[in-house]
Amino acid sequence: MSDLSPVERQMRFWLVTLVVLLIGLYFLRGILLPFVAGLALAYLLDPVANRLQKLGMGRLTASVVILLLFVLAFILVLLLLMPIVVNQLGAVIQNLPATAQRIQWLAKDYGGPIIERLGGPEALTNLERSLSDFVGQAASWLGTFASSLWSGGQAVIGIFALLVVTPVVAFYMLVDWEQMVTAVDSWLPRRSADTIRTLAREMNRAIAGFIRGQAVVCLILGTFYAVALSMLGLNFGLLIGLISGALTFIPYVGSFTGFVLAVGVALVQFWPEWPMIAATLGVFFFGQFVEGNILSPKLVGDAVGLHPVWLMFALVAFGSLFGFVGLLLAVPIAAAIGVLTRFALQRYLASPLYRGPTTEDKPRIHLDV
């Protein structure tokens, strides 16, 4: 250990710290959601608390006022939307057998002739049997999952944690935010403090730009999808729109999920009325056009600075490791890794390892005549 340079010792320390952190996240992933949500909420509301402080309000008072207003607004939205959402969820469960039969009929009626032409009567019989087995297994799985979920109390515990633990965590984080930042700053190695602060500011700019901008995008798109699909008369249009808007916070996931749900319901409900199905498609195409060309460039911009392929990889990797919490953390962590990678690349391009030895470093050749 004594043979290592100070830089190598620091690198080893931070690598070990990162590995321990990732292992802890992996084993605690089942209970992290309300804490991650509380941290994100405090991070989102911290600028508001700072502005209230500049107006002369104390940090504790500002935190109480902000969270009270947020909780009241959240409760108001729940009171307005919860009855409709519950009714639509009940309708989804009630209409599930009829919907499954309708899907089976559409697949058989329109896909059957093609299958029979390619594989003969036996292929059509196998298709009908496979569809019946799939529908039956899907309905059985959904029923078993819902029953075990509620009987085990997992849903109740999860909802309680999100509604109670999240605001409490957000309140304490919001009150102590400045003290925590100051404490962490005091732990930095003095020789590298300025560099670490610069990197931290870049990470904060990237993550804050994404979280705050994407939250507004979610609100706008969720409202648009819910209103537009409901005006089309699509069954469960409000529920699908709200789900799509909420999941838009996770890039690509929200739009894809909402698109699949809306088009699937439209096919079952409107077939063979193509204009209504085309209108449902048009709602999502218009929403994606507005998001990609207006909302995201204006509200999010290039704050994250990540290539789409790296972003999708981060979503898949963190989602597979940490579940839904991983999906929420994927973009911020990927943005932080991107900042560190760009910094490391800049240092490498400025180093002798890339540029080669300078003229002063090159050995001099003496020619004896």
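Here's a quick rundown of the structure. (Residues numbered from 1 in each chain as written. Predicted model: local features only at pLDDT ≥ 70, side-chain atom pairs only at ≥ 80, totals over all residues. Heavy atoms only, no water.)

## Observations regarding the overall build of the chain
Stated precisely, the cut-off is as follows: For the purposes of this entry, the term helix denotes a DSSP run of H or I that reaches at least four residues, the term strand denotes a run of E that reaches at least two, and both are numbered from the N terminus. Partly exposed residues are those whose accessible area sits between 20% and 50% of the maximum for their type, while under 20% is buried and over 50% is exposed, using a 1.4 Å probe and protein chains only. Any pair of residues with heavy atoms lying within 4.5 Å of one another is described as a contacting pair.
Within the chain, the regular secondary structure consists of 12 helices and zero strands. From first element to last, N terminus to C terminus, the chain shows the α and β order α-α-α-α-α-α-α-α-α-α-α-α. Out of the 369 residues in the chain, the part that is buried amounts to 28%. Considering only residue pairs separated by 6 or more positions, the chain has 69% of its internal contacts joining residues 24 or more positions apart.

## A look at the pattern of salt bridges
The cut-off we apply is this: Any Lys or Arg side-chain nitrogen located within 4 Å of an Asp or Glu carboxyl oxygen qualifies as a salt bridge.
Across all of its chains, the model carries four salt bridges by this definition. With its nearest N and O atoms 4.0 Å apart, the salt bridge here joins Glu178 to Arg59. Residue Glu178 is found in helix α6 (residues 177-186), and its partner Arg59 is found in helix α3 (residues 59-119); the two are separated by 119 residues along the sequence. Here Glu178 falls in the partly exposed class, since its relative accessible area comes to 34%. For Arg59, a relative accessible area of 11% puts it in the buried group. Arg197 is the partner of Asp194 in a salt bridge, and the nearest nitrogen-oxygen pair spans 3.0 Å. Of this pair, Asp194 and Arg197 both sit in helix α7 (residues 193-231), three residues apart, roughly one helical turn. Three or more residues joined by partner-sharing salt bridges are found here, namely Asp46, Arg59 and Glu178.

## Quick notes on helix α11 (residues 308-349)
The periodicity of an α-helix, 3.6 residues per turn, causes residues three or four places apart in sequence to face the same way. Spelled out, the test is: Given a helix with a known number of residues, its expected span is that number minus one, times 1.5 Å. One fitted axis covers the seven residues ending at a residue, a second covers the seven starting there, and the bend at that residue is the angle between these axes.
If you check α11, its first and last C-alpha atoms are just 24 Å apart, much less than what 42 residues at 1.5 Å a residue would give, namely 62 Å. Of all the bends in α11, the greatest measures close to 145° and is centred on Phe322.

## Side note on a nonpolar patch on the surface
Keep this limit in mind: Distance thresholds for patches are 9 Å for like charges and 5 Å for nonpolar side chains (Val, Leu, Ile, Met, Phe, Trp, Tyr), applied to residues having over 30% relative accessible area and no salt bridge. Values of accessible area rely on a 1.4 Å probe in the Shrake-Rupley scheme; residue burial ignores everything except the protein chains shown.
Residues Phe70, Val71, Phe74, Ile75, Leu79, Leu162, Leu163, Val164, Val168 and Tyr172 make up a contiguous nonpolar surface patch of about 860 Å² in total accessible area. Within the secondary structure, Leu79 sits in helix α3.

## Here's the deal with the packing of aromatic side chains
The geometry of an aromatic ring pair is captured by the separation of the ring centres together with the interplanar angle, meaning the angle of the planes. Worth spelling out the cut-off: Pairing of aromatic rings covers Phe, Tyr and the six-membered ring of Trp, with a centre-to-centre limit of 6.5 Å; geometry is then stacked below 30 degrees between planes, edge-to-face above 60, and tilted otherwise.
What the rule picks out here adds up to eight aromatic pairs. A ring pair is formed by Phe259 and Phe285, whose centres lie 6.2 Å apart and whose planes are at 35°; its orientation type is tilted. One end of the pair, Phe259, is in helix α9 (residues 253-270); the other, Phe285, is in helix α10 (residues 274-300), and 26 residues separate them in sequence. Residue class for Phe259 comes out partly exposed when judged on its relative accessible area of 28%. Ring-pair connections join several aromatic residues into one group, and the members of that group are Phe224, Tyr225, Phe259, Phe284, Phe285 and Phe286.

## Some thoughts on the nonpolar core
Which entries qualify depends on this criterion: Nonpolar cores are built from buried Ala, Val, Leu, Ile, Met, Phe, Trp, Tyr and Cys residues. Side-chain atoms within 4.5 Å join them into one set.
Counting 48 residues, the largest nonpolar core has Leu229, Leu234 and Ile240 as its most contacted members. Mapped onto this core, the elements with two or more residues apiece are α2 (33-54), α3, α5 (154-175), α7, α8 (237-247), α9, α10 and α11. For this core, the element with the most residues is α7, which contributes 10 residues. Excluding anything up to four places from it in sequence, Leu234 contacts Leu229, Ile240, Ala262, Val265, Ala266, Gln269, Phe270 and Thr280.

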